[in-house]
Amino acid sequence: MGTPSSTPGGKTNRLGLAIQTYRGSKTTLCAGCGHNAISERIVDAFFEMGVEPAQVAKFSGIGCSSKSPAYFLAGSHGFNAVHGRMPSIATGALLANRRLLGIGVSGDGDTGAIGIGQFVHLMRRNVPLIYIIEDNGCYGLTKGQLSPTADLGSVLKNGVVSDLPPLDTCTLAIELGASFVARSFSGDKKQLLAILKAAISHRGTCLIDVLSPCVTFNDHEGSTRSYAYVKDHDEPVGDVSFVPFFDDITVEYDAGTTAEVRMHDGSRLLLHKLAADYEPTDRAQSLALLRDYATRGEFATGILYIDPAAPSFVDLLGLVDDPLADLPQARTRPGREVLETIMASLR
Amino acid sequence: MIPSDVAPSMAPAAARDALILNDCSIQVATVNGSGSQTANLVLIRSIFQMGVPVSGKNLFPSNIAGLPTWYTIRANARGFIGRKKEIDVLVAMNPETARDDVLALPPGAVTLCDESLGVHDLRDDLVTYVVPFDALVASIAPDARLRRLVRNMVYDGVLSTLLGIERDEMRRALERQLGRKPRALELNLRALDAGAEFAQASLVKRDPYGIRRMDATAGKILIEGNAAAALGCLMAGVTVVAWYPITPSSSLCETLIDYLETYRRDASTGKATYAVVQAEDEIAALGMVIGAGWAGARAMTSTSGPGISLMAEFTGLGYYAEVPAVIFDVQRVGPSTGLPTRTAQGDIASAAGLSHGDARHPLLLPHSVEECYAFAIRAFDLAERLQTPVFVLSDLDLGMNTWMADPFPYPEVPQDRGKVLTRDDLARLDGWGRYKDVDGDGIARRTRPLDGLPPTFTRGSGHNEMGGYSEKPDDYVRNVDRLSRKFETARGLVPAPEVDTVEGAALGIIAFGTSHWGVAESRDQLARERGIATSYLRLRAYPFADAVEAFIAAHARVYVVEQNRDGQLFGLMRAELDPALTARLRSVRHYNGLPLDARTVTDVILSHEEPR
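The sections below set out a description of the structure shown in this document. (Residues numbered from 1 in each chain as written. Chains lettered and ligands numbered in written order. Predicted model: local features only at pLDDT ≥ 70, side-chain atom pairs only at ≥ 80, totals over all residues. Heavy atoms only, no water.)

A few points about the overall build of chain B
- Of regular secondary structure, chain B possesses 21 helices and 24 strands.
- For 612 residues, the compact-globule estimate of 2.2 N^0.38 gives 25 Å, and chain B sits close to it at 27 Å.
- Seen through its principal axes, chain B has C-alpha atoms that stretch 90 × 65 × 40 Å.
- The burial tally for chain B puts 62% of its 612 residues in the buried class.
- The long-range fraction of contacts in chain B, counting pairs at least 24 apart against all pairs at least 6 apart in sequence, stands at 75%.
- Element-wise, carbon and sulfur atoms account for 51% of the exposed surface of chain B, whose accessible area totals about 22,100 Å². (Helix = DSSP H or I, 4+ residues; strand = E, 2+ residues; numbered from the N terminus. Rg over C-alpha atoms; globule rule 2.2 N^0.38 Å. Buried < 20%, exposed > 50% of the residue type's maximum accessible area, 1.4 Å probe, protein only. Contact = heavy atoms within 4.5 Å. Areas by Shrake-Rupley, 256 points an atom, 1.4 Å probe, with all protein chains shown as cover.)

And the structure:
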């Protein structure tokens, strides 16, 4: 069961736009960097989903990962903010304009270290944002220090051994209230693309931790983030098939082994069980699954947890339908009688 | 006028014959959490209702209950309602502090105390009235818990008789406070009467102070600066609020939330035309404000010193990436946790250049609740016009205390949403660039998501005028020089100073914010007591207007008065103004956490002008 709407090059999408429209400027990251593959999948996903680039707002913090929003969706507004603080910038922008489709790119240091506080609270709020962590277990831009997602015992190129337990962003996200939590591998095109497309259909926080090897500082024997290691230990818990709302196709599946999740926009997500205890709509089960895989030293990948009905932060705040940023003075400045009433109460 | 309920025994000495009318400071010393707030608000409100200019200042500890707190009321017929250094009337209710409170009084001051405190015979140079508080409350409230709560209303009653504060006005004020709690109201009214009647029957007036009805407060309102600023935000049309609780700024956003919930629901759907987020910290609060401002919302946060320190990095981003943001700083005493419940003007230097690297930010400096309101509205316009963070520097004294004011005017000026690129611009301009200065004022046109115009990639890293990433030396210099040009534009847009030039005065005084109240009265003291005429420039914003140099040039010596140890404004002036002129500046600094009083200013100026 494949992704139904893969589009060969040269074609246009449902908006009549070519894939070039979804590309960004040329990458300045290292050749072979996992992050570049992720940027390509983002381009594919937005192209295939037929999202108007102008509707998208891109956010990032600081680090190699955070440079990447310049390398996709040139037609979208972008905000490359400060280290670890992408979540707050994104939260403000998405509240100011609820029609934006937000995508944030962060790294394991940007999120797990300096940005862990803002990460935690964005997850709690279920802010409607696709939050991608390009996770290579090290700091690239400052030349190869350990990050908090580095596995215990993993060795850096310079011989430094990670002697603290890793922080698992997916476990945290599920605990904290994110309504869509996934892990993938930059080298798994098919899975990552399907997850990204599902994320575009979701309304709420989508935390996608993408294992993305750093070819320069963390791709050697002894590292648990090398291409070879991740490839060997990537254990998909479920096969992800995504049927977008605009594809009127029938997919047959075995209800005993495949769960169908109906997304906010009418798209359908078919999650075919690969692990026996994979129950992606059950928070406790998802946490148990993650813990089991981690104990075995495997990376559980796929959509780990999903709750398409959880109210997003925008829903929770009960905002008007029009973007707050566009409200005219007539709707934001109360009339004279209001000020007079207040003044009278203070006399 | 003789209050009708003053018994004959008090009448000859009461308000009618008081030597000092409508000019006194009253300090009530209590324990926080003891319910003294109601009694104190009734006291200030009843004086206000009698038409006498008055202010109330709460000097409270960083604590919920059980520590000493002092409430100071200043009534002054001529409108000098800053803190008075000397206490004229002390109401000693706190056993912990009574001794120190009494020992600190100037000779001739009045004390109201319970005999059980053991302070009534501590000094023989005071006018002491002994009031049996316990016996009086026991007669009206059988329940011990209630007794504690109404005990404070007894001193209101005693003061009503002693000073001639009309008891009917106290009753009105009390009804306003407790109108919705009939049982509490009734008990308090009885306590008020018990105090007043005791004074009539048992006390002989021996002090000179009195309050007499006048007509200086008609039509005025009473409000705290934070509430005034919140009203300004409401009327400015704020759409995104992100904040983190911190004394003394919390009540700004809390009041704003109340107003928004009441007045900013969409008429047809009942949905919110605003978003409020209580953030995880001040960093996130400003991040949300900058994110929202970038997307086109009118966004604000409020904080105090520790929050300002945390906001440094994001403020630099707002400055360099050119995103509107409004930040209220209700200043308290620093550094570090400092004195969280005491007032200061200690953030002006850090706010002016907040960030690493070169950065300058417009600061608006309100001195009154009227300006808290007006500058709040103006701050949003300036932030969008200048595409940069704009600070409003209030302080604890202004923000949390009760001030009289004229009713606030409805904003007649439409919102200024700043230079937003239009389709016409795009056709007219020869290639739009996000940071291209086509008008020569340093302000470029911006686009916002979903406005149908070219996208912007905003970044805190180096960029050229097209908004592209750049590390080129020339691009960097061109960009930051344009930001300097923009700051020059700001100089002409921020509120101008208020200047009172007195012909022939050799001395000038410069002050900002709440220092105004001490300075205004000090000028009166200098003129009346020493015949020294002074001119006065009240700074209302940073960057400095050209009028500041002109003012210094017109005076032989100019005293810069502020509430911090290091003379921060004085330092900024010396750094930025003509050195030939700044040699004329003298620094007057007050930094003990109490609001600035006139006598302190007068004494420092005299120590220079009339050295002994």
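Next, the rest of the story.
Digging into the interface of chain B and chain A
- If you look at the interface, chain B gives 69 residues, while chain A gives 56 residues.
- At the boundary of chain B with chain A, total buried surface from both sides reaches about 5,000 Å², with 63% on carbon and sulfur atoms.
- Our count for the chain B to chain A interface comes out at 4 salt bridges.
- Arg331 of chain A serves as the salt-bridge partner of Asp266 of chain B, at 2.9 Å between the closest nitrogen and oxygen.
- Joining chain B to chain A, the criterion identifies 24 residue pairs in polar contact (both at pLDDT 80 or more).
- For the side of chain B that touches chain A, the element with the highest residue contribution is helix 9 (residues 282–294) of chain B, accounting for 8 residues. (Buried area = accessible area lost by both parts, 1.4 Å probe. Salt bridge = Lys/Arg side-chain N within 4 Å of Asp/Glu carboxyl O. Polar contact = N/O pair within 3.5 Å; in protein donor to acceptor, adjacent residues only side chain to side chain.)

Observations concerning the state of the cysteines
Residue and element names in this part refer to chain A.
- By the definition in use, this model includes 0 disulfides over all chains.
- Here Cys33 stays unpaired: no disulfide links it, and the sulfur of Cys30, its closest cysteine neighbor, is 6.3 Å away.
- Cysteine Cys170 is unpaired, with the sulfur of Cys206 as its nearest cysteine sulfur at 12 Å. (Disulfide = S-S within 2.5 Å.)

Some words on the sheet that holds strand 2 (residues 77–80) of chain A
- Taken in spatial order, the 9 strands line up as 9(A)-13(A)-7(A)-8(A)-4(A)-3(A)-1(A)-2(A)-18(B) in an open sheet, and their pairing is mixed. Two strands in the sheet have a free side with no partner beyond their single neighbour: strand 9 (234–236) of chain A together with strand 18 (457–459) of chain B. On average, each strand axis in the sheet is tilted by 20° relative to the strand beside it, whichever way the strands run.
- Relative to strand 8 (residues 205–211) of chain A, strand 7 (residues 180–185) of chain A runs parallel, the two sharing 6 bridges. Note that in strand 8 of chain A the partner of Val181 of chain A across the bridge is Leu207 of chain A. (Pairing = 2+ DSSP bridges. Axes fitted to C-alpha atoms, helices over the stretch in contact; angles between N-to-C directions.)

Points about the packing of aromatic side chains
- Evaluation of the coordinates by the stated rule reveals 13 aromatic pairs over all chains.
- Between Tyr22 of chain A and Phe47 of chain A, the aromatic rings sit 5.8 Å apart at their centres with planes inclined by 70°, giving edge-to-face as the arrangement. Highlighted residues: Tyr22 of chain A in the segment before helix 1 (34–49) and Phe47 of chain A in helix 1, separated in sequence by 25 residues.
- The class of Phe47 of chain A is buried, set by a relative accessible area of 2%.
- An angle of 55° between the planes, with centres 5.7 Å apart, marks the rings of Phe487 of chain B and Tyr542 of chain B as tilted. Of this pair, Phe487 of chain B sits in helix 16 (residues 473–493) while Tyr542 of chain B sits in strand 22 (residues 541–542), and the two are 55 residues apart along the sequence. Assigned by exposure class, Phe487 of chain B and Tyr542 of chain B land together as buried.
- Here a set of aromatic residues connected by ring pairs shows up, and it is made of Phe59 and Phe79 of chain A together with Trp294 of chain B.
- The residue whose ring lies beneath Lys67 of chain A is Tyr469 of chain B, and the NZ or CZ to ring-centre distance is 5.7 Å.
- In this structure, Arg296 of chain A packs its charged tip against the face of Tyr293 of chain A, placed 4.5 Å from the ring centre. (Phe/Tyr/Trp six-rings, centres within 6.5 Å; stacked < 30°, edge-to-face > 60°. Lys NZ or Arg CZ within 6 Å of the ring centre and 35° of its normal.)

What about the environment of Tyr469 of chain B?
Residue and element names in this part refer to chain B.
- By the element assignment, Tyr469 lies in the loop between strand 18 and helix 16.
- Taking the relative accessible area as the measure of exposure, Tyr469 reaches 42% and is therefore partly exposed.
- Along the primary structure Tyr469 and Val548 are separated by 79 residues, whereas in three dimensions their C-alpha atoms are 39 Å apart.
- What Tyr469 contacts, discounting residues up to four positions off in sequence, is Arg459, Ser461, Gly462 and His463.
- Separated by 2.4 Å, the side chains of Tyr469 and Glu471 make a polar contact.

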